[in-house]
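Residue-level structure breakdown
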Amino acid sequence: MTTKPLMRSAWQIQKSVVFALFLRELKTRFGTYKFGYFWMLLEPMAHVVVMSVLFSYIRGRSLFGIDFPVFIVTGIVPFLLFKNIALRVMDGVNANRALFAYRQIKPMDTFVARTLLDTFLALATAALILLGMAWVGLEVPFRDPFSVVAIMAILVLMGLGLGMILCIVVKYLPEAKTLIRIAFLPLYFLSGIIFPITKVPQEFLPYLLWNPVLHAIELMRAAFFDQYHMLPDISLLFIWMTTLVVLFVGLAWYRTNRNALLAI
Amino acid sequence: MIELQNLTKSYRLANGERRYIFRDLNFSFPDGTNIGLIGRNGAGKSTLLRLVGGIDQADHGRVVTDKRISWPVGLSGGLQPTLTGRDSVKFVCRVYGQNHEEMLETIRFVQDFAEIDDYFDQPVKSYSSGMRARLNFGLSWAFDFDYYLMDEIGAVGDARFKQKSRELMERRISRSNIILVSHAMPEIARLCNVVVLVNDGHAILFEDVDEGIRAYQETAGAPQPKRTQPVAGTGPLQSAGAVVGSTPVATAQTRLDSRS
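Throughout what follows, the structure given in this document is the object of discussion. (Residues numbered from 1 in each chain as written. Chains lettered and ligands numbered in written order. Predicted model: local features only at pLDDT ≥ 70, side-chain atom pairs only at ≥ 80, totals over all residues.)

Description of the overall build of chain A
Rule in force here: Put simply, DSSP marks the helices as runs of H or I at least four residues long and the strands as runs of E at least two long, and each gets a number from the N terminus on. Think of it as a crowd count around each C-beta: if 20 or more other C-beta atoms lie within 10 Å the residue is buried, if 12 or fewer it is exposed, and in between it is partly exposed, with C-beta placed from the backbone throughout. We call two residues in contact when the distance between their C-beta atoms, placed using the backbone, is within 7 Å.
Counting its regular elements, chain A contains nine helices and two strands. Listed by position from the N terminus, the elements making up chain A come as α-α-β-β-α-α-α-α-α-α-α. In terms of principal-axis extent, the alpha carbons of chain A reach across some 65 × 40 × 35 Å. Buried positions account for 39% of the 264 residues belonging to chain A. Contacts in chain A between residues far apart in sequence, at least 24 positions, make up 77% of those at least 6 positions apart.

Some thoughts on the sheet that holds strand E1 (residues 2-12) of chain B
Residues and elements named next belong to chain B. Heads up, the rule is: One requirement defines pairing of two strands: DSSP has to find at least two bridges between them. Simply put, an axis is a line fit to the C-alpha atoms, just over the touching stretch for a helix, and the angle between two N-to-C directions goes from 0 to 180 degrees.
Read across the open sheet, the three strands follow the order E2-E1-E4; overall the sheet is antiparallel. Both edges of this open sheet fall to strand E2 (18-29) and strand E4 (60-65), since each of them pairs with a single strand only. Within the sheet, the average angular offset between the axes of one strand and its neighbour, ignoring direction, is 25 degrees. Relative to E4, E1 is paired through five bridges, and the arrangement is antiparallel. Looking across to E4, one finds that threonine 8 is bridged to histidine 60. Those strands touched by helix H1 (residues 45-52) are E1, E2 and E4, and its axis lies near 125 degrees from that of E1.

Concerning the packing of helix H2 (residues 85-95) of chain B against helix H3 (residues 100-114) of chain B
Residue and element names in this part refer to chain B. The criterion, for reference: Any angle between 65 and 115 degrees counts as roughly perpendicular, while under 35 counts as roughly parallel, over 145 as roughly antiparallel, and the rest as oblique. Note: crossing handedness is left-handed where the near helix turns anticlockwise from the far helix by less than a right angle, and right-handed where it turns clockwise. Note that Gly is not counted as nonpolar here; it falls among the polar residues with everything else outside the nonpolar set of Ala, Val, Leu, Ile, Met, Phe, Trp, Tyr, Cys and Pro and the charged set of Asp, Glu, Lys and Arg.
As a packed pair, H2 and H3 sit with axes 10 Å apart at the nearest point and diverge in direction by 135 degrees. Taken together, H2 and H3 sit at an angle that is classed as oblique. When you trace H2 past H3, the crossing you get is right-handed. Between H2, through Arg86, Val89, Lys90 and Cys93, and H3, the contact on the second element is made entirely by Glu102, Met103, Thr106, Ile107 and Val110. Grouping the constituent residues of the contact of H2 with H3 by class yields five nonpolar, one polar and three charged.

Comments concerning the interface of chain B and chain A
On the side of chain A, 29 residues touch chain B, which itself brings 26 residues to the contact. Residue composition of the side of chain B that touches chain A, by class: nine nonpolar, nine polar and eight charged.

Here's the deal with the sheet that holds strand E6 (residues 177-181) of chain B
The strands making up a sheet are joined through hydrogen bonds of the backbone, oriented either antiparallel or parallel. Residue and element names in this part refer to chain B. Reading across the sheet, the five strands line up as E5-E6-E3-E7-E8 and stay open at both edges, with mixed pairing between neighbours. Where the open sheet ends on each side, the last strands, each with one partner, are strand E5 (147-151) and strand E8 (202-206). If you compare each strand with its neighbour and ignore which way they point, the axes differ by 20 degrees on average. Judged from the three bridges that link them, strand E3 (residues 35-38) and E6 form a sheet pairing that is parallel. Among the inter-strand pairings, isoleucine 35 is bridged to a residue of E6, identified as isoleucine 179.

Let's talk about helix H8 (residues 212-224) of chain A
Rule in force here: A helix is expected to span 1.5 Å for every residue after the first.
Between its terminal C-alpha atoms H8 of chain A stretches 19 Å, which fits the 18 Å expected from 13 residues at 1.5 Å a residue. The buried fraction of H8 of chain A amounts to 13 of the 13 residues, a majority that puts the element mostly inside the structure.

So, in C-alpha cells, the structure goes:
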C-alpha cells in the first residue's frame, strides 16, 4: 500500500493514462501470439511486399526510372498510416468502453494512444522495408527527409481528426461503419497508390484533386525521387488547410459530444 | 468533502423524451462517515454513485470534492479477455501513475488476495467467474482511496474467502470510508453511519440509520408515484437533519478533481 500525493495535474494524469493505454493496445493486439512483436511488423510488411511484387509484375520493373516496388511503398505506407489511424480512432470508444469506469480515462486518451501506436508501427514498418529494399539492390533515394516527416505528420493529424469525426458519426449511426470501411477502398485507387495519377485522363483531374490524400502521396513521392513528375496543381498548403479544418471539426465535435461518448 | 452543486442528470429514452433523474440537486455528503445510499429501484442511487465516481457526467452542475474516490469496487471493466491478470493489474497501476516499486507492491497484494495461483499469468478469458471477481475485488482494495464506492456488496468465493474479504473490507473502512448502494438493509445498518435516501430526484440525509431505513420502507411500500420532473432538491424532511441545498463552495480545483 502506498500513499499517493493527493493531486496529480491534468497533464500528469493524461500522460500516465495514454502510456497505460498504449501498452495495453500493444499487448492486446500482438502480445498474446507467439512471436507477437514479429507479426506486428509482418502484417503491414506482407501487405506492402505482396502489392509491390504483384504490380511490379504487371507493370514492369520501373517507371520513369523509379524502381516500382519503391514507388509502391512510398504510396502504400503513408496511405495505410492515414487509413489505420482513422479507422482505429473511429473504433476507439467502443473497443474501450468498459475502461471509462476509471474516471481518469476519457475517449480522447484512447484516440491519442491509438494514433501513437499506429504511427509507431508505420514508421517501424517503413524503415524495415526501405532498408530491406536497399539491401536487395533496389534504388531507395531519400531526397528530402524533412518533407517526408512533415507529410507523415500531416497524415497522422488528418487521420486523427477524421477518426474523431467518424467516431461520433458511428456513435449516432452505427450502421454507417461498414460503409465507411468500404469507402477507403475507392480512396485507395483515387489517391494514386498503385499507379501514378498522371496516367489518369486529364478531364478527371480537377475532380481528383479535391482528394487531400492524393496531394500527400504525390508530395511524398516528390520528396523521395528526383525524377518524379508531380502534377502541377499539387499543393502543400491545401493539405495543411484540410488537416486544420478536419482537426478543428473533430475536436469541436468531440468537445460537444464528450459526455454522450462516455454514456453506456 | 463531496458536494453536489446544481446537479442535473437526464437520460434520453428510446422514444426521444428526456427523463430527469436529478434536477438542480444540491447536496453535501457528510465527512468521515460511511454512507448508505438507499432508495427504490430506478430512483437514481447507482446514477448518483456513478456521478460521484466521475464515471458518468452530469448534464450540468458538478460534483466538487477534494477526496480520492475509487471506481466501483469489484468492477470488471478493466479486464481484457486476451490479457493476463498480471497485465490487467499493471494497466490500472499505470493509470494511477504508480512507479515500478509501487506497481510491484500492488501486484503482490492482488496476487495474495485473489489466490488464483498460476492463473494470474493466464489470459483472463480462461478464468471462472469467481476468479474474475476475486481479481477485481483484490484490485479495488489494493489502492488507497478516501472513499470506496460499492454498488451492492458482491460476496464471492467460498466461506473462508468471504471471511477474508470481509476482514479486508473492515480494515479498509477503519481508515477510509465507503459509499454503499444496497437493498439489503441489514448490511446498510451494519456498515453505514448515515444513510441518504434517494427518492424522486431528492437526496435526503438521515443521521440516524434506523430512521432512514424506516423512511425508505415507507417509500418502498407506498404505491409508486408517477415520475414527474422533480423540482430543485429541497427535501421535505429538514427535521431529519437533512443537509440539503447547502451553500455551494467555490473551488478552483474542480477541473483537476474531476480526474484525479
